[in-house]
Every structure is written in C-alpha cells, then in structure tokens.
Amino acid sequence: AQVQQAPLQLLNNGTRRQQQQQQSCSSRAAAAASTGNQRQAAGTTPKAVANNLDRLCLLRPLPSVLQGIRRTSNLLAPIMQLAGHGGEVLSMRFSPDGQVAASASADRTLLLWRTYDECENFMMLRGHKNAVLEVHWFTNGETLLSCSADKSVRCWDTEAGVQVKRLSEHTAIVNSCCPLQRGPPLFVSGGDDCRVKVWDMRSK
C-alpha cells in the first residue's frame, strides 16, 4: 500500500506545482495589464511618452544640457574660416593679447585678422618677393617679424601697416625666424645658406 501511495503523492505534488505556476503567471499577467492600463492612463507608455515630449518641446525649449556642450569662447561659431589668401598659408601666430592673428602665405603677403566678431581681415602687408615662410610677433604686440624664400627677413609696424626693417644678408632661402621673448629686441634667423644670424632691431 505504501508503494502504491508514492506515485499518487508525486502526482498530487506535480499537479499542485502546475496550479501554483498557473496562478503565478495569471497574477503576473493581471499585474502587467493593470500597470499597462495605469501607464496608458498616466501617459507613460512609449507612444504616449513620445507624444508628451513632443508637446513639451513645443511649449518650452530644451535645457542647455540637451542642446549640446556649452561654449566658453567669444567666437561667433566653434570654427571660423578666414578666407583671403591667394596661395598656401604657411604660418600663423596670435598676437600676445590674442586679439589679432597674423598669417603668412605663398602669395607673398601677410594678412592681419581680428580674432573675434566676424574675424575681419583689416590689413595686408606687402613687400616680400617670394613666399613668406614664417611669421612671429614681438612681445610689444605691435611689431611683426617675417622671413621669406626671397632671402630676406623683414619687420613690420602693424599700427601703421608699413615695413620698418629689411635684412638681406642671407644668401639663400630664409626658412625660420624668431624674436626674443624677454629683454632687448633681438631676433634670430636661419636659412638654406647654412647660416644662423642674430639681429638687433635697434641697429640701422
């Protein structure tokens, strides 16, 4: 008798488990349906959320966080394009105060640009007879130094827009130049003639 009762007990246990599982599934389904109804009533279903967001966007602008990274510069746009040279731009430098940018080009000119607002090109410096290879500012923020494939080194007054010094002691292309950052108004230049020369702005 005990041997015959075991299968009945297992069967009863199995039936109870199935019933419990069915009840659990039914409870979950009912809860899900109730939650779905609540969400639909509250407007939180995916479709309702999208519709609500559309309505919100029409009523008020998006927060700045959602509009992108907040810009911290005073430029009119993240990237400003400066157009004006007729040849390759070979060198550029900001003035010491950052208000002006100077560019040197293969078109033999130097251009000065306002850093802010419309980035206006307000001055062109002419004088070099070949590509201008490098440009630098002196620390006073008013004088420019440039060197060129025409074998010369030149200094410019950016207030008056005129050349103030022309040095032609190099016998080949002058590739590089640099003013002294502290102390007297000295500058250095180097060229294809295998020479490095140190100059003093005060000498005539």
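The coordinates are above.
Rules of the game
Residues numbered from 1 in each chain as written. Predicted model: local features only at pLDDT ≥ 70, side-chain atom pairs only at ≥ 80, totals over all residues. Heavy atoms only, no water. Pairing = 2+ DSSP bridges. Helix = DSSP H or I, 4+ residues; strand = E, 2+ residues; numbered from the N terminus. Axes fitted to C-alpha atoms, helices over the stretch in contact; angles between N-to-C directions. Buried < 20%, exposed > 50% of the residue type's maximum accessible area, 1.4 Å probe, protein only. Contact = heavy atoms within 4.5 Å.

## Focus: the sheet that holds strand S4 (residues 121–126)
Here is step 1: Taking strand neighbours across the sheet as the criterion, the four strands line up as S1-S2-S3-S4 in an open arrangement whose pairing is antiparallel. Of all the strands in the sheet, the pair left with one neighbour each is strand S1 (89–94) and S4. Ignoring strand direction, the axes of neighbouring strands in this sheet form an average angle of 20°.
Here is step 2: Judged from the five bridges that link them, S1 and strand S2 (residues 100–105) form a sheet pairing that is antiparallel. Directly across from methionine 92, in S2, lies its bridge partner serine 103.

## Here's the deal with the environment of alanine 106
Here is step 1: Along the chain, the position of alanine 106 falls in the loop between S2 and strand S3 (109–114).
Here is step 2: Alanine 106 sits in the partly exposed class, given a relative accessible area of 28%.
Here is step 3: Sequence separation between alanine 106 and serine 91 is 15 residues, and the spatial gap between their C-alpha atoms is 9.7 Å.
Here is step 4: If near-sequence neighbours (up to four positions away) are discounted, alanine 106 is found in contact with Glu88, Leu90 and Ala131.

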